Amino acid sequence: DIQMTQSPSTLSASVGDRVTITCRASQSISTWLAWYQQKPGKAPKLLIYRASSLESGVPSRFSGSGSGTEFTLTISSLQPDDFATYYCQQYNTYSFFGGGTKVEI
Amino acid sequence: EVQLLESGGGLVQPGGSLRLSCVASGFTFSSYALSWVRQAPGKGLEWVSGISTSDDRTYYADSVKGRFTISRDNSKNTLYLQMNSLRAEDTAVYYCAKDRFGSGCNDLDYWGQGTLVTVSS
């Protein structure tokens, strides 16, 4: 199994901050990686697919990068609506999610 | 508008069975793979199972292999998850999700609202 490790597990930030979340795969997954945002009591929402492609309708302050085993999700200027939990997902071999990163005030 | 509506969750005793359904609308159901993802209370997301367009390829997490069966009825735009030999650790909200493509495992571009399964005596 390909394991996904996200860091940090919790991140404290302020509105306007630049935020970076990292996801590491236990083996190479090329660019078969997605990022999701989840708010309490809601279903996850797709933000980024194929490591760096922005899903339609997602604000351009979200961006993704990386390939192989190391990936990042960056929020260029944190907005009040962005306080949530973020998950990475690899889909190179079956599918596995990272443990999540909670972005809090 | 793409919509996915899960049903069938509830309280079940350990060792029991339950079948979840997910009715889809707003897209050509038969053209896309579909997945089930679960989330235990207060925990992260766990991919459970996936199925290709024509039912000939199915995928399972090790944690449910041999106990859960995914299937689909393209004539009814409905995805199913038959869950047998349920355990306390299967307690979770179960989401159905639409894959971006028709085969393999993919990113998930639309999700349902989830249905809660509680396994307890």
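All figures in this text were calculated on a predicted structure; none of them were measured in a lab.

K.L.:
It is not clear to me how the overall build of chain B should be interpreted in this structure. Could you clarify?
P.N.:
On a plain count of helices and strands, chain B comes out with zero helices and 11 strands. Tracing chain B from N to C terminus, the helices and strands come up as β-β-β-β-β-β-β-β-β-β-β. For chain B, whose C-alpha radius of gyration is 13 Å, the value lies close to the compact-globule estimate of 14 Å for 121 residues. Over its C-alpha atoms, taken along the principal directions, chain B stretches across nearly 40 × 25 × 25 Å. For chain B, the residues scored as buried account for 51% of the 121 residues in total. Carbon and sulfur atoms form 46% of the exposed surface of chain B, whose accessible area is close to 5,300 Å². Averaging the coordinates of the 11 positive side-chain charges in chain B and doing the same for the 12 negative ones gives two points 3 Å apart.

K.L.:
Would you mind showing me how to read the state of the cysteines here?
P.N.:
Working definition of a disulfide: a covalent bond connecting the sulfur atoms of two cysteines. Residue and element names in this part refer to chain A. The full count for this structure, using the stated rule, is two disulfides over all chains. Between the sulfur of Cys23 and that of Cys88 lies a disulfide, 2.0 Å long from S to S. Disulfide Cys23-Cys88: the torsion about the S-S bond is 60°, which places it as right-handed. Pair noted here: Cys23 is in strand E3 (residues 19-25) and Cys88 is in strand E9 (residues 85-90), with a separation of 65 residues, a long-range link.

K.L.:
I'm lost on unusual backbone geometry in this one. Help?
P.N.:
Comment: phi is negative for the bulk of residues other than glycine, and the bulk of peptide bonds are trans. Residues and elements named next belong to chain A. Cis geometry marks the peptide bond from Ser7 to Pro8; its omega dihedral reads -10°. Within the secondary structure, Pro8 sits in the loop between strand E1 (4-7) and strand E2 (10-12). Located in the positive-phi region is Arg50, a residue other than glycine, with phi close to 50°. Following the sequence through the fold, Arg50 ends up in the loop between strand E5 (45-49) and strand E6 (53-54). You can call Arg50 partly exposed: its relative accessible area is 33%. Its identity is not glycine, yet Tyr94 carries a phi of approximately 50°, on the positive side. Tracing the sequence through the fold places Tyr94 in the loop between E9 and strand E10 (96-97). On the basis of relative accessibility, which here comes to 37%, the residue Tyr94 falls in the partly exposed class.

K.L.:
Would you explain the pairing of strand E11 (residues 115-119) of chain B in this entry?
P.N.:
Note on strand geometry: in a regular strand, side chains alternate between the two faces of the sheet. All names here are of chain B. Side chains of E11 alternate between two faces, with Thr115, Val117 and Val119 buried and Leu116 and Thr118 left unburied. Alignment of strand E2 (residues 10-12) against E11, held across three bridges, turns out to be parallel. Considered in E11, the bridge of Val12 is made with Val119.

K.L.:
Is there a simple way to think about the pattern of salt bridges in this case?
P.N.:
Side chains that differ in charge, positive against negative, can pair when their charged atoms come close. Using the criterion set out here, one finds 10 salt bridges over all chains in the structure. One salt bridge in this structure joins Asp81(A) and Lys39(A), with 2.2 Å as the shortest N-O distance. Taken together, the residues span a long stretch of sequence, with Asp81(A) in the loop between strand E8 (70-75) and E9 and Lys39(A) in the loop between strand E4 (33-38) and E5 at a distance of 42 residues. A residue is classified by how much of its surface remains accessible, and Lys39(A), at 26% relative accessible area, is partly exposed. Among the ionic pairs, Glu55(A) bridges to Arg100(B), the shortest N-O distance being 2.8 Å. Of the two residues, Glu55(A) sits in the loop between E6 and strand E7 (62-67) while Arg100(B) sits in the loop between strand E9 (92-99) and strand E10 (108-111), which places them in two different chains. Here Glu55(A) and Arg100(B) have matching classes, each one buried.

K.L.:
What is the right way to read the sheet that holds E1(A) from this model?
P.N.:
Sheet strands pair by backbone hydrogen bonding; their relative direction is either parallel or antiparallel. Residues and elements named next belong to chain A. Taken together, four strands build an open sheet; the order of strands is E1-E3-E8-E7 and the sheet is antiparallel. With one partner strand each, in any of the chains shown, E1 and E7 form the two edges of the open sheet. In this sheet, neighbouring strand axes are inclined to one another by 15° on average, regardless of whether the strands run parallel or antiparallel. Relative to E8, E7 runs antiparallel, the two being bridged by six bridges. The partner of Ser65 across the bridge, within E8, is Thr72.

Procedures and definitions
Residues numbered from 1 in each chain as written. Chains lettered and ligands numbered in written order. Predicted model: local features only at pLDDT ≥ 70, side-chain atom pairs only at ≥ 80, totals over all residues. Heavy atoms only, no water. Helix = DSSP H or I, 4+ residues; strand = E, 2+ residues; numbered from the N terminus. Rg over C-alpha atoms; globule rule 2.2 N^0.38 Å. Buried < 20%, exposed > 50% of the residue type's maximum accessible area, 1.4 Å probe, protein only. Areas by Shrake-Rupley, 256 points an atom, 1.4 Å probe, with all protein chains shown as cover. Lys, Arg positive; Asp, Glu negative; His and termini not counted. Charge placed at Lys NZ, Arg CZ, Asp CG, Glu CD. Disulfide = S-S within 2.5 Å. Pairing = 2+ DSSP bridges. Salt bridge = Lys/Arg side-chain N within 4 Å of Asp/Glu carboxyl O. Axes fitted to C-alpha atoms, helices over the stretch in contact; angles between N-to-C directions.

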